[in-house]
Amino acid sequence: MAFRNLAEFLRALEADGELVRVRREVSPRLEIAEIADRAVKGDGPALLFENVTGSSIPVAINLFAARRRTLRALGIRSWEEWDARLEPLLDPQPPEGFVEKLKAIPKLTDLAGIFPKTVRSGPCQEVVETGEAVDLTKLPVLTCWPQDAGPFITLPLVITRDPATRKVNAGVYRMQVFDRNTTGMHWQKHKDGAGQARGYEREGRRMEVAVAIGADPATVFSGVAPLPPGISEFLFAGFLRGEGVPLVSGKTVDVPVPAEAEIVLEGYVEPGERRREGPFGDHTGFYSLDDDFPVLHVTAVTRRREPVYLTTIVGKPPMEDGFLGEAVERLFLPLVRRMIPELVDMHLPVEGIFHNLMLVSIDKRYPGHARKTMHAIWGTGQMMFTKTIVVFDRDANLRDLPGMLWRALTAIDPERDIEFVHGPVDELDFAARLPCYGSKMGIDATRKWKEEGFTRRWPDEIVMSEEVRRRIDAIWPELGIRLQR
């Protein structure tokens, strides 16, 4: 089922018993963040705060903070279902014969319906405030952590146009609210939004920006997804939804916005203008330090008559963004396999904060194959930021973290099997020697071959025979042994 807007998703979660309405008055300064943090770490429900101090707008949070809710948001029942859905696009086979061609017509028709569609009006513009009426302090923007420099919009879909191609980009970049009509624009150097901004600055031109807060869940997720260059976030959202995202033109900017969004900010960024932004309690579990970033001047706020403010908090894992990260990992695994054919599986443990650790298993076919895989990963899109890659053989269960730690530590000779390289790192990596530049490590935890210079025998792993396991399974109820796990 595709959710056309946030309200539909909230109703579905409530019907499933996955949403709690909090009616007691709670402050957006630290209190909502503390409640949400406890909820996500306790496998709690999505939350809708209906009585927020200083604002008449309810706050929704933790909507994606469980695997089952993330799958629900994306309209799929399992990751295997997604793989099957994506397979025909990745490995299309031309239909043979008249009957097969007829069968292909509905599939082509379905794909034709996923493209974004322009509409003349939408609920996101039921109320329009411009000029002196713009007041961001009316929004229930959270201050999440004690040392945060102020309230931050943490789940905004920032929409811009490329200055040359006019192609639209949508990404999620945090925005510190400075005052009633200005915010920071924290697009990092490697992100598409920052690349477009540099194009406007080279030309000395003002950049128009729209910010959608609270779109349908598939569109929100698409802003987080590391899509290949040239792939539209709205097109990807349409594929997830099974129908195109309706877009309406902004009131004061020539930028399209999701017609079903809850709240939209419109404005511009002046070339060369910077203002001190941060600190901000970030997804690394540490504060990202203050620095100079572009400034968004808000020219209009449009919204539904009764909007909901969608937000999230980040910090020490597990947090809501960890479940979004898992979805990115699983949704894009089939695409990564196409680019790196030897890859069997990959896993980014939540403790690794996305870029710090990637576990991969490969179908090892030749000497040095593990190292080839490391460099292929470092050369692919945003995976270039991966600080540590550990490569295992194809039989590894990457989600058994204790087992992977045991396997890696027993399988390596550190001097032989660890490789260091230098290159771009995530801008939020505070441990790097320089901003956006540092070292990365690859660990070859595969079985070593004689062709790789390993002349000793590699021992077999200890595993009980299947025959004995079956016999003990059959008599286990008679033994009177109760296990705790």
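Everything that follows concerns the structure shown earlier in this document.
Going along each chain's sequence as written, the residues are numbered from 1 onward. With the structure being a predicted model, the display of local features is reserved for residues of pLDDT at least 70 and the display and counting of side-chain atom pairs for 80 or more, all residues being used for whole-chain, interface and lining totals. Hydrogens and water are ignored here; the side-chain numbers use all heavy atoms of the structure.

The next point concerns the overall build of the chain. Assigned secondary structure in the chain consists of 13 helices and 25 strands. For the chain, the spread of C-alpha atoms along the three principal axes comes to 75 × 60 × 50 Å. Counting over 485 residues, the chain shows a buried share of 51%. We call two residues contacting when some pair of their heavy atoms lies within 4.5 Å. Across the chain, contacts joining residues at least 24 apart in sequence account for 70% of those joining residues at least 6 apart. Here the Shrake-Rupley method, with its probe set to 1.4 Å, supplies the accessible areas, and only the displayed protein chains count as covering residues. Within the structure as shown, the chain displays about 23,800 Å² of accessible surface, and the carbon and sulfur contribution to it stands at 54%. By the counting rule applied here, Lys and Arg register as positive and Asp and Glu as negative, while His and the ends of each chain are not counted. By convention, charge coordinates are those of NZ in Lys, CZ in Arg, CG in Asp, or CD in Glu. A gap of 2 Å separates the mean positions of the 64 positive and 71 negative side-chain charges of the chain. Numbered from the N terminus, helices here are DSSP runs of H or I no shorter than four residues, and strands are runs of E no shorter than two. Note on classification: 1.4 Å probe, protein chains only; a residue is buried when its accessible area is under 20% of the maximum for its type, exposed when over 50%, partly exposed between these limits.

The next subject is the packing of aromatic side chains. When two rings of Phe, Tyr or Trp (its six-membered ring) have centres within 6.5 Å they constitute a pair, described as stacked for plane angles under 30 degrees, edge-to-face for angles over 60, and tilted for the intermediate range. The final tally for this structure, using the stated rule, is 9 aromatic pairs. The interplanar angle of 75 degrees and the centroid separation of 5.6 Å between the aromatic rings of tryptophan 82 and phenylalanine 239 together place this pair among those described as edge-to-face. Taken together, the residues span a long stretch of sequence, with tryptophan 82 in helix H4 (residues 79-90) and phenylalanine 239 in helix H8 (residues 233-241) at a distance of 157 residues. Both residues of the pair, tryptophan 82 and phenylalanine 239, belong to the buried class. With a centroid separation of 4.6 Å and an interplanar angle of 50 degrees, the aromatic rings of phenylalanine 152 and phenylalanine 280 are classed as tilted. Of the two residues, phenylalanine 152 sits in strand S6 (residues 152-153) while phenylalanine 280 sits in strand S16 (residues 280-281), which places them 128 residues apart along the sequence. By the burial criterion, phenylalanine 152 is buried, and phenylalanine 280 matches it. Grouping aromatic residues by their ring pairs yields a cluster made of Trp82, Phe236, Phe239 and Phe332. Only lysine NZ and arginine CZ atoms are considered, and such an atom sits over a ring when it is within 6 Å of the ring centre and within 35 degrees of the ring normal. The residue whose ring lies beneath arginine 206 is tyrosine 268, and the NZ or CZ to ring-centre distance is 3.6 Å.

The next thing to look at is the pairing of strand S14 (residues 263-269). As a general feature of sheets, a regular strand has side chains that alternate between the two faces. When you tally the buried positions in S14, you get 7 out of 7 residues, the bulk of the element. By this definition, two strands are paired if DSSP reports at least two bridges between them. Note that strand S11 (residues 207-213) and S14 share 7 bridges and pair antiparallel. Looking at the pairing, glutamate 208 lines up with tyrosine 268 of S14. Pairing between S14 and strand S19 (residues 295-303): 7 bridges, direction antiparallel. Considered in S19, the bridge of valine 264 is made with threonine 302.

A surface patch of nonpolar side chains, amounting to about 510 Å² of accessible area, comprises Ile472, Ile475, Trp476, Leu479, Ile481 and Leu483. Among the secondary structure elements, isoleucine 472 is positioned in helix H13 (residues 466-479). Residue isoleucine 472 is classed as partly exposed on the basis of its relative accessible area, which comes to 34%. Patch criteria: residues need more than 30% relative accessible area and no salt bridge. Like-charged residues are merged within 9 Å; nonpolar side chains of Val, Leu, Ile, Met, Phe, Trp and Tyr are merged within 5 Å. We define a salt bridge as a side-chain nitrogen of Lys or Arg found within 4 Å of a carboxyl oxygen belonging to Asp or Glu.

A word on helix H10 (residues 369-378). By the criterion of burial, H10 is predominantly enclosed, with 7 of the 10 residues buried. Each element contacted by the buried residues of H10 is listed here: strand S22 (358-362), strand S23 (388-393), strand S24 (418-424) and strand S25 (437-444).

Among the residues of helix H11 (residues 401-411), those classed as buried are Gly403, Met404, Arg407, Ala408 and Ala411. All buried residues of H11 project into a common sector of 125 degrees when viewed along the axis, lining one side. Exposed residues pointing more than 90 degrees away from the buried face of H11 are listed as Pro402, Leu405, Leu409 and Thr410. Where H11 is buried, its residues contact S22, S23 and helix H12 (414-417). By construction, the arc corresponds to the directions joining the helix axis to the C-beta atoms.

Note on soluble globular proteins: their nonpolar side chains tend to be buried together. One finds Phe49, Trp187, Val209 and Leu265 to be the most contacted residues of the largest nonpolar core, which totals 43 residues. Those elements that provide at least two residues to this core are helix H2 (31-41), strand S2 (46-49), strand S3 (59-61), helix H6 (192-203), S11, S14 and S19. The element contributing the most residues to this core is H2, with 5 residues. The contact partners of tryptophan 187, leaving out residues within four places of it in the chain, are Val158, Thr160, Tyr173, Gly193, Ala194, Ala197, Met207, Val209, Val269, Phe293 and Pro294. By nonpolar core is meant a set of buried Ala, Val, Leu, Ile, Met, Phe, Trp, Tyr and Cys residues that side-chain atoms within 4.5 Å join together. Counting residues in hydrophobic clusters, the runner-up holds 37 residues, among them Leu19, Ala73, Ile76 and Phe239.

Okay, the sheet that holds strand S1 (residues 19-22) next. The sheet built from 4 strands is open, its strands ordered S1-S2-S3-S20 with mixed pairing. Two strands in the sheet have a free side with no partner beyond their single neighbour: S1 and strand S20 (309-310). Across the sheet, H2 is in contact with S2 and S3; its angle to S2 comes to roughly 160 degrees. Every axis in this analysis is a line fitted to C-alpha atoms, fitted for helices over the stretch in contact. Angles between the N-to-C directions lie between 0 and 180 degrees.

Turning to the sheet that holds strand S13 (residues 256-258), a few remarks are in order. Spatially, the 3 strands line up as an open sheet ordered S4-S12-S13, and their pairing is mixed. The open sheet has two free edges, formed respectively by strand S4 (117-118) and S13, since each of these has just one partner strand. Taken together, the 2 bridges between S4 and strand S12 (residues 246-249) define a ladder with parallel strand orientation. By the bridge assignment for S12, lysine 117 is matched with proline 246.

Relative to the assigned elements, alanine 327 resides in helix H9 (residues 320-339). Given the relative accessible area of 0%, alanine 327 is considered buried. Sequence separation between alanine 327 and valine 308 is 19 residues, and the spatial gap between their C-alpha atoms is 24 Å.

So, about unusual backbone geometry. The omega torsion of the bond from glycine 278 to proline 279 falls at 5 degrees, within 30 degrees of zero and hence cis. With respect to the helices, strands and loops of the structure, proline 279 is situated in the loop between strand S15 (275-277) and S16. The omega torsion across proline 317 and proline 318 is 0 degrees, close enough to zero to call that bond cis. One can find proline 318 in the loop between S20 and H9. With a phi close to 65 degrees, asparagine 62 is a non-glycine residue in the positive phi region. Note that asparagine 62 resides in the loop between S3 and helix H3 (67-74).

Another point: the side chain of asparagine 62. We classify asparagine 62 as buried; its relative accessible area is 2%. What qualifies as a polar contact is a pair of N or O atoms within 3.5 Å, subject to a donor-acceptor requirement within protein and to the restriction that residues adjacent in sequence count only when both atoms come from side chains. At 3.1 Å, the side chain of asparagine 62 and the backbone oxygen of alanine 36 are in polar contact. Excluding residues within four positions of it along the chain, asparagine 62 makes contact with Ala36, Ala39, Val40, Pro45, Ala46, Leu47, Arg69, Thr311 and Glu320.

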